[in-house]
Amino acid sequence: MNFAGRFRHDDLGHGLAPDGEAQGPAVMEVLRQGVELIDGISAQLQQLDCLMLAGKPIEISAAAADIELALKNAAPAISRITEVMRDLGADNLFAAAAQLRRIEQQDAASLAEALRFSLARVATRTACASRRAQQMNRGLNTALKALTSFGLNEGGRLIAEA
């Protein structure tokens, strides 16, 4: 997805037949991939949150870079999911699941629901990680201000860089 909110077109196939009916296995594979990717990112976010609680800066940086890479690698799969939703005439995963149920694709509908819940979990974990990072930043800023008030300007910079 670009910043204008437009989804790029993927020529990898979207799982719908020319007559508009979903091809069960293709749609299910796209949704299954999405669930696996999002669950993996969710686990990485949970690990990042734990690392922030432990206060391990090198590990935090590596985990954040891993999450960024995972999100970049997930872009094509998310694009395919968006194409499937568009072809189903659905604006969101809830509507996609309902449409899949209407065309009697119960397994695919279950995967769409699972993907929706996985995305909600990722959103929650992202918010928690962001809040924790802001708390850490405020704590570091407070510590640096305290050091500066004691006249330890150079030492404060060294601590901040560490």
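Residues numbered from 1 in each chain as written. Predicted model: local features only at pLDDT ≥ 70, side-chain atom pairs only at ≥ 80, totals over all residues. Heavy atoms only, no water.

Student: What is the right way to read the overall build of the chain from this model?
Tutor: Within the chain, the secondary structure is distributed over five helices and zero strands. In the chain, the succession of α and β elements from N to C terminus is α-α-α-α-α. In the chain, which comprises 162 residues, the proportion classed as buried is 31%. Of the contacts made within the chain by residues no fewer than 6 positions apart, 62% connect residues no fewer than 24 positions apart. Carbon and sulfur atoms form 57% of the exposed surface of the chain, whose accessible area is close to 10200 Å². (Helix = DSSP H or I, 4+ residues; strand = E, 2+ residues; numbered from the N terminus. Buried < 20%, exposed > 50% of the residue type's maximum accessible area, 1.4 Å probe, protein only. Contact = heavy atoms within 4.5 Å. Areas by Shrake-Rupley, 256 points an atom, 1.4 Å probe, with all protein chains shown as cover.)

Student: Can you help me understand the pattern of salt bridges in this one?
Tutor: Scanning the model with the defined rule gives six salt bridges in all. The residue aspartate 39 makes a salt bridge to arginine 121 at a minimum N-O spacing of 3.2 Å. With aspartate 39 in helix α1 (residues 24-54) and arginine 121 in helix α4 (residues 106-149), this residue pair connects regions lying 82 residues apart in the sequence. On the basis of relative accessibility, which here comes to 34%, the residue arginine 121 falls in the partly exposed class. Here lysine 72 and glutamate 68 are joined by a salt bridge, their closest N and O atoms 3.8 Å apart. Of the two residues, lysine 72 and glutamate 68 both sit in helix α2 (residues 57-88), four residues apart, roughly one turn of that helix. (Salt bridge = Lys/Arg side-chain N within 4 Å of Asp/Glu carboxyl O.)

Student: For this particular structure, what's the right way to read the packing of aromatic side chains?
Tutor: If you walk through the whole model with that rule in mind, you get zero aromatic pairs. The ring of phenylalanine 117 has arginine 116 sitting right over it, with the charged end atom 4.8 Å from the ring centre. (Phe/Tyr/Trp six-rings, centres within 6.5 Å; stacked < 30°, edge-to-face > 60°. Lys NZ or Arg CZ within 6 Å of the ring centre and 35° of its normal.)

Student: What exactly am I supposed to notice about unusual backbone geometry here?
Tutor: For residues besides glycine, phi is generally negative; the peptide bonds are generally trans as well. Even without glycine at this site, glutamate 104 takes up a positive phi of about 60°. Position of glutamate 104 among the secondary structure elements: in the loop between α3 (93-102) and α4.

Student: Sorry, what's going on with the confidence of the model for the chain here?
Tutor: When pLDDT drops low, the exact placement of atoms in the prediction is not to be read closely. Looking at the chain, pLDDT values average 79 and 77% of them are 70 or higher. Every residue in residues 1-22 scores below 50 in pLDDT, and together they form 34 contacts with partners more than four places removed in sequence or on other chains. (pLDDT = per-residue confidence, 0-100.)

Student: Explain α2 to me, please; I cannot follow it from the model alone.
Tutor: For the α-helix, the turn length of 3.6 residues means that residues three or four positions removed from each other point alike. For α2, spanning 32 residues, the distance from its first C-alpha to its last is 45 Å, which sits close to the expected 46 Å at 1.5 Å a residue. The largest bend in α2 is about 40°, located at alanine 75, with the proline proline 76 one to four residues further on. (Expected span 1.5 Å × (residues − 1). Bend = angle between axes of the 7 residues up to and from the residue.)

Student: Please explain the packing of α2 against α3 as it appears in this structure.
Tutor: The packing of two helices is summarised by the inter-axis angle and the distance between the axes. Orientation of α2 relative to α3, taken along the N-to-C sense of each, is 55°, at an axis distance of 10 Å. Taken as axis vectors, α2 and α3 run oblique relative to one another. Between α2 and α3 the crossing geometry is left-handed. Counted together, Ile81, Met85 and Leu88 of α2 and Leu93, Ala96, Gln99 and Leu100 of α3 form the full contact between these two elements. Along the lines of polarity and charge, the residues of the contact of α2 with α3 split into six nonpolar, one polar and no charged. (Axes fitted to C-alpha atoms, helices over the stretch in contact; angles between N-to-C directions. Parallel < 35°, antiparallel > 145°, perpendicular 65-115°, else oblique. Left-handed = near helix turned anticlockwise from the far one by under 90°. Nonpolar A, V, L, I, M, F, W, Y, C, P; charged D, E, K, R; others polar.)

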